[in-house]
Amino acid sequence: MKSQDVVEQQYYEAVDSLVEKVQEDPYILAAIVAGSFSYAQVWEKSDLDVEIIGKDDIRPTQSFFSLVENGVNIHANISPRSSFKRSIEGAQQGSFMHSYFSHSTLLFSRDDSIKEWYDKNASRDSIGERDKQLQVLNVIADVLPELIYAEKQFYVNKDIVTCFLTLLSVVEGLARIEMLLNNEIPAREVIQPALNYNPDFFKHVYTDLINCKKDENVIQDALNAINAYIDERQFIFQPILDYLEEQKGARTNSELNDYFQSKFREASVDIICQWMTWKGIIQQVSAPIKLTVKSQVAVEEPEYYIDEIEHDENVPRLKSDIHAVIEDAVDRFTDTIKDDRYIVAAILTSNLSDDNVWEKTNVHITLIIRDGSKYRQKECQLIEDGIPIRVDHYTRSAFKKLFERNLRGSRLHSIFSDSKILFTKDPTLSDLFKDIDVIGERDKQSQLFNIASSVTTILAKTEKWFYIKKDYDYTFYYLMYAVRELARIETIMQGETPKRKVIYQALEHNPKFFNAVFTDILDIPKDEEALGKVLEQIDAYLEDNVQSFFKPLLDFLEESGGERSLSDIHDHFDSRQLWINMACEWLAQKEILEQFSSPIRLTKDSKVSVEEPAYFYDIENPFL
């Protein structure tokens, strides 16, 4: 590895070189660098994230570029001045976009208004109270489903391992909340600053939990602490409570979403309201709703109100007959929507087996709507005899297109492979589900390539925290993401559809490897020696399977007979491969591909060129 001083100098020179070039392009008005270079520590595998702002009449050759300067890979977005203005001014304080710009550096600007917008909207100063409240709501809406899933794994499935892995995501979300409550704009990594703000709690549910033996008592203790953390901060729900108080009466789930979706992201308050109902903070009844504009049949959606009378906490308790209650609710709901002439089919995507449901189960159903019908919401929360039912809508043609275009082995395919058709008025829909567990060779290759490419991205972050930051807890945190993606790879290689708990499938197929990189390190203290061995084993696993995992890319480059620019590679694969630039970078670092550079123009009118990576694959490469 290069010394850190040498690496940092290389990156500064790369930025200077890029700025020098784009400043000569009269169609480019400004450039901003974000990511590790701007607010953290770069290392030799870091890339640069750059925002390039052009004139309003700019005609970019593409919206995203992978460039290279001084041996440094640069990921650049280009946007017109007006578009940049909308994005930066519309970024709510504390949001991802606000965080992104607040941890960035303006490299240059020849437009005073851009500098003014940037200085005003990319400030790291304290977050306004209203924006802070909405962002905290935004985060808790993501945290609660993960916490409910973790609880189900512990209380219902008795699966301590899956519960622990899910709790890691819960803790990250709570760390984001902790930063917002302390008026700090969350960056990409939030657990480290949260440990400074609230060391007792985050040491308990993060540091200590990662480094101890996981048993029933330890996990129960962590769940209790996390629930107490949320209970003690019920003020985070205040915007919803204020809204209900102002309305002086019950408001439907749809009305609540219409109000709050206009205020923060495209999230919904469904799960938050359900959670507050369980806690007895608000009360729930139901109200009729029609699923399409012309439907004559009504179903029920939740309606919420505040009751001034104090109630005991209404936390759900397991009941011996809950399975029958849920089954009856699904049957009644199905009978109702069958009579709606605009609904073609209903598909149950929840596992409602007796050992997989409890009182916090939210049933998921996909409804297929007749082509030409207008539905009110893409997603909606319904209720049947007190059982929550989450519904997704697709027109018949849109569902077929989605189903047929989605690769076998994808996450969506996995969901539908375990689904059940409740009813269908169109026999051709049933045909889509025939042989659903079979993954064809072409889909297998595409999935292996896509997932392996994403693993290289995760590993780059993991290795930075291991080698440069020497934070072994956070190294483990990232490793768990990488290992679960590798489990998907192993399962697909065996011709099997990955399920949600894919790690167990992978352990059956390749116990030696997955015990070494997963099971054996779960309960031990996380140190340099143990995690270093895991990184070496993962690296060897990828290298040993290069020809299988990256076959589509290697075949394309071999057939090309020469170097091909990254733009050529993207054009060939279109949108089928999401992380192809990262795959190319990793293969070049491993000297499997040779990396060159090729000139490219940022706009159709530009007279100035920058450099993008180009790659060459030699089948006789001795490193293979």
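Residues numbered from 1 in each chain as written. Predicted model: local features only at pLDDT ≥ 70, side-chain atom pairs only at ≥ 80, totals over all residues. Heavy atoms only, no water.

### A few points about helix α22 (residues 528–544)
Spanning 17 residues, α22 covers 24 Å between terminal C-alpha atoms, matching the ideal 24 Å at 1.5 Å per step. In this fold, the buried residues of α22 make contact with α18 (441–468), α19 (472–493), α21 (511–522), α23 (546–549) and α26 (580–589). (Helix = DSSP H or I, 4+ residues; strand = E, 2+ residues; numbered from the N terminus. Expected span 1.5 Å × (residues − 1). Contact = heavy atoms within 4.5 Å.)

### Things to note about the environment of Glu359
Within the fold, Glu359 resides in the loop between β9 (343–348) and β10 (363–369). Each C-alpha atom, one on Glu359 and one on Thr456, is 40 Å from the other, the two residues being 97 residues apart in sequence.

### Overview of the packing of aromatic side chains
The full count for this structure, using the stated rule, is 27 aromatic pairs. With centroids separated by 4.7 Å and ring planes inclined at 65°, the aromatic side chains of Trp465 and Tyr474 adopt a geometry described as edge-to-face. A connected cluster of aromatic rings, assembled from ring pairs, spans Phe449, Phe550, Phe556, Phe573 and Trp586. We note Lys378 situated over the ring of Tyr394; from NZ or CZ to the ring centre the distance is 3.8 Å. Above the ring of Trp465, the side-chain terminus of Lys469 is found at 4.6 Å from the ring centroid. (Phe/Tyr/Trp six-rings, centres within 6.5 Å; stacked < 30°, edge-to-face > 60°. Lys NZ or Arg CZ within 6 Å of the ring centre and 35° of its normal.)

### Focus on the pairing of strand β12 (residues 387–395)
The element β12 is largely enclosed, with a buried count of 8 among its 9 residues. Across 7 bridges, the pairing between β10 and β12 is parallel. Paired with Ile368 across the strands is Tyr394, a residue of β12. In the sheet, strand β11 (residues 379–384) pairs with β12 via 6 bridges, with the strands oriented antiparallel. Across the sheet, Cys380 pairs through a bridge with Val391, a residue of β12. Once β11 ends, the chain turns through 2 residues before running back antiparallel as β12, passing Asp385 with a positive phi of about 50°. (Buried < 20%, exposed > 50% of the residue type's maximum accessible area, 1.4 Å probe, protein only. Pairing = 2+ DSSP bridges.)

### Quick look at helix α15 (residues 396–405)
For α15, every residue scored as buried is listed here: Phe399, Lys400 and Phe403. Considered in projection along α15, the buried side chains sweep an arc of 100° and stay on one side of the axis. Its buried side turned inward, α15 meets β9, β10, β12, α16 (411–417) and α17 (427–432). (Arc of directions from axis to C-beta.)

### A closer look at the pattern of salt bridges
For the coordinates displayed, the defined rule picks out 24 salt bridges. Among the ionic pairs, Glu379 bridges to Arg390, the shortest N-O distance being 2.8 Å. A residue pair is termed long-range when its members are at least 10 positions apart, and Glu379 in strand β11 and Arg390 in strand β12 qualify at 11 residues. Judged by its relative accessible area of 41%, Glu379 is partly exposed. Among the residues examined, Arg390 registers a relative accessible area of 13% and is labelled buried. For the salt bridge of Lys444 with Glu441, the shortest nitrogen-to-oxygen distance reads 4.0 Å. Of this pair, Lys444 and Glu441 are both found in helix α18, 3 residues apart, which corresponds to roughly one turn of the helix. (Salt bridge = Lys/Arg side-chain N within 4 Å of Asp/Glu carboxyl O.)

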